[in-house]
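# Topology and contacts: notes
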Amino acid sequence: MSELFDAVDALVASRSSLPAAVERKRLRVAHGLTLDEVAAALQVRRATVSGWESLTKPVEPRGREREAYARLLRQLAELYPAPEEQAAPASTAVAGTPAPAAPVPASAPSASGQACPVSTGPAPEAVAGTVTEHPQPPVPPVAAAPVAAPRPPRTAGASSTSRRPPARKAAPAGSPAADADPRFVNGPLAVVDVQEGQVLAYCTGGLVLDVPAKSLPSLVEWTLKEAKLGQPRLSGPGKDGDPLLVLTEAALERYGLPVTLADDERLAGRIPESHKVVRQLVRAEWQLTKRGFGPWARIYRPARGSDRQCVQLCIPSWHALGTRHWGEVGQLAPDELARVLGVFASRVMTPRGSTAVTGLELMTALHPPTRASEPDADGKRHSEHNPGSLGRDPVDPAPCEAPDGHPLLKDLPRFHVRGPGEKLFEEAYDWARPMTDAECMQRHLVGIDVNMAFAAGANGLTVGLGAPTHVTAPEFDAKLPGSWLVDLSHVDLSRVKVGKDKWADLDVSLLPSPFTPKGERPEGPVWYATPTVAYAVELGYDVTPVEAYLRYENGRYLDGWYQRLRDAYLATMADLGIAADLAPADFLTAMDGYKDRDPELAIVVSAIKATVKGGLGKLRERPRGEGWRPGEPWRALSRPTWRPDIRAAVISRTRINLHRKIVKHAAFTGQYPVAVLSDCVVYAAGGPSPLDFLPYRDGKPLPGGFKLGISPGLVKHEGTQSVLWGEEVRERFDAPELNLARYIKDGTVTDADNGE
């Protein structure tokens, strides 16, 4: 009979009654629980709990999950009864308690039995920003300005006391750490939204501020004087990070800004100076940068001493957060958007623009151009050059480093095309070859991808800090950064040095050349960056440069940049369940579907990787219209961080690092790549896993070869397709050397390979 009773109990539990979705959310918030904490307790995904609380399309739990969830809600309901069941309000107000469960005329009891004050009307402009726990108890939804995602309900009354959520046993994965700096206690940024007519600022850590500002100028004033937003400097001589305000569509309408840009505004990248909001800022003596009021507007007043007055705006509906790197982050609810950007800000830096702009700004933030001098005879300090930085003034590149159209090349004939003997051309790999008969007999094509390859290429790299010096017939020095004109056509990859006094014989027809992006063998003297020439020496061959542009003032400028991005990447991947010390098989298992564990953190990972590539790309930013003509300077040239030589050195080292692993693997296993694209390598294998062709002995990889893992420079599984798929694709496009690495991830080929 006990089995029958258990079955009956289970049947009853499977239909456990649950309150409405809005009540579920009220109970969770009243107890200070996050979605992550509830999900962890019930052993479900965060998105699942969010669906149970959805106000538009709630999803109902089933089975054991429903029983456990119902039990949780019953216990919370006993602690936090519905508004009509609450006792009369107490009279003593105590700061720091959770928000009341329902609006009351003057004060209401907190969850701990203490009362907290509630505002009875709209706050005036001059009143300091206040904090409320979100969301408040439910009220009937009302029509509001178009928003990107459903917003949680809120009561008419707002708390007038600064409060943070109650103490938690564990912070949700990926939550930014609390900032100890008292100037920035509310974090680096806030997402500004409007609910029930009240403007709210969603900060990191679940904090919500009431915003009293009724115009954009007053919003800027409030941010600088009351909101306590910002980020401490990343280096001693640097500057504190300016507060970032992310304006939702509802906030744009509230402050008189367009929800989307018109076609002419989108092309211009800004709203016109005649716009009423821009005029409001001018009347309030605020200024905009040269780029005007666009998706990443910067509003400032000239600094007075060390007192900076600047606020950065981010407007997602104006495409400030591009979907290529930020996914659908613009469609998130305000608290979720604050979490994503807050994690990125705490681990990388507060976004200053696109991921590319942020990557470049991070370099400067870690190595500011100036620092304060030692006190002079009068005890005064002055601004002086900061050693190890790129300084305040831009430097001209060497002629070979200058891209086409640069002012240094204005005297060249109009249609002159520079060859490799005139132009430094260090780019990532784009190489492929036809498969051999033996490879066609294999079943699978397996792609592996180098994690954070370009960041790893920057690690420990010595780069030039100052202007180049031209030298004729120099002796090569691998420790000296620069550009070298040298003939490497004599380097024979059929016999190379793979260790001390150890040589290997290779099939050169199956290998890409390490000296050219297309993998072709070079001919005659060509311009190379230092890492490329150093690799020729490493392979066992002598080099005799004809001339060079060398940088005697140099240093490891990118080390701090690499370390911060590496730590951000590893910490976020650890939050997604990918530890740095996993065994190879466990690592592959953990990587399978890792983005679904927390889609918000997956967005952060994507943005971190884009910050690496974009930041390096900005080192050689090209002109963007603006009436530019070849031979004329463009805006980016005025930056000290416009350094094509540094970009070339990083790409050179990244390509060489990859080739070194390919050679080690070929020498040990006799296996050669079928295709290489940037940081992805494709091999033919008998099985679908990287473990089917990567040599591991007792869990240890081939020294100097490919190693599975999440750290920068190690590799992960990129994708697997069949050999038949590869041959069919090449036959379809009549391209026997089609680069299959470009499509190995999901097998989708939309058009013929165009090499881009």
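None of these values were measured; they are calculated from a predicted model. (Residues numbered from 1 in each chain as written. Predicted model: local features only at pLDDT ≥ 70, side-chain atom pairs only at ≥ 80, totals over all residues. Heavy atoms only, no water.)

## Side note on the side chain of Ser-389
Spelled out, the test is: Elements are defined by DSSP. Helices are runs of H or I of four residues or more, strands are runs of E of two residues or more, and each kind is numbered from the N terminus. Only protein chains enter the area calculation, which uses a 1.4 Å probe; residues under 20% of their type maximum are buried, those over 50% are exposed, and those in between are partly exposed. In protein, a polar contact means a hydrogen-donor-capable atom and an acceptor-capable atom, both N or O and within 3.5 Å, with residues adjacent in sequence counting only if both atoms are side-chain atoms; elsewhere, any N or O pair within 3.5 Å suffices. Here, residues are in contact when the closest pair of their heavy atoms is within 4.5 Å.
Along the chain, Ser-389 falls in the loop between strand 12 (383-385) and strand 13 (430-432). We classify Ser-389 as buried; its relative accessible area is 0%. Within polar-contact distance, the side chain of Ser-389 engages the backbone oxygen of Pro-368 at 3.5 Å. Engagement of the side chain of Ser-389 in a polar contact is seen with the backbone oxygen of Pro-369, the distance being 3.4 Å. Dropping the residues within four chain positions of it, Ser-389 is found in contact with His-367, Pro-368, Pro-369, Leu-465 and Tyr-557.

## Thoughts on the sheet that holds strand 23 (residues 675-677)
Under the convention used in this document: The criterion for strand pairing is that DSSP finds at least two bridges linking the strands in question. Only the contacting stretch of a helix is used when fitting its axis, a line to C-alpha atoms as for every element, and angles between N-to-C directions run 0 to 180 degrees.
Read across the open sheet, the five strands follow the order 13-23-24-14-27; overall the sheet is antiparallel. What marks the edges here is a single partner per strand, and that holds for strand 13 and strand 27 (715-722). Averaged over neighbouring strand pairs, the angle between their axes works out to 20° when direction is ignored. Pairing between strand 14 (residues 444-450) and strand 24 (residues 680-685): six bridges, direction antiparallel. What sits directly across from Ile-448, in strand 24, is Val-681. Running at roughly 15° to strand 24, helix 19 (residues 644-669) makes contact with strand 14, strand 23 and strand 24 of the sheet.

## Focus on the side chain of Glu-439
Within the secondary structure, Glu-439 is located in helix 13 (residues 437-440). By relative accessible area, Glu-439 is classed as buried at 10%. Polar contacts involving the side chain of Glu-439 include one to the side chain of Arg-433, which spans 2.6 Å. Apart from residues lying up to four places away in sequence, Glu-439 is in contact with Arg-433, Pro-434, Tyr-672, Val-674, Ala-684 and Val-723.

## Notes on the sheet that holds strand 16 (residues 469-472)
The four strands lie next to each other as 16-21-17-20, forming an open sheet whose pairing is antiparallel. At either end of the open sheet lies a strand with only one pairing partner, and these are strand 16 and strand 20 (525-529). Along the sheet, successive strands turn relative to each other by an average axial angle of 20°, direction set aside. Judged from the five bridges that link them, strand 17 (residues 482-487) and strand 20 form a sheet pairing that is antiparallel. Counterpart to Ser-483 in the pairing with strand 20 is Ala-529. The sheet contacts of helix 15 (residues 530-538) involve strand 17 and strand 20, and relative to strand 20 the element is tilted by about 110°.

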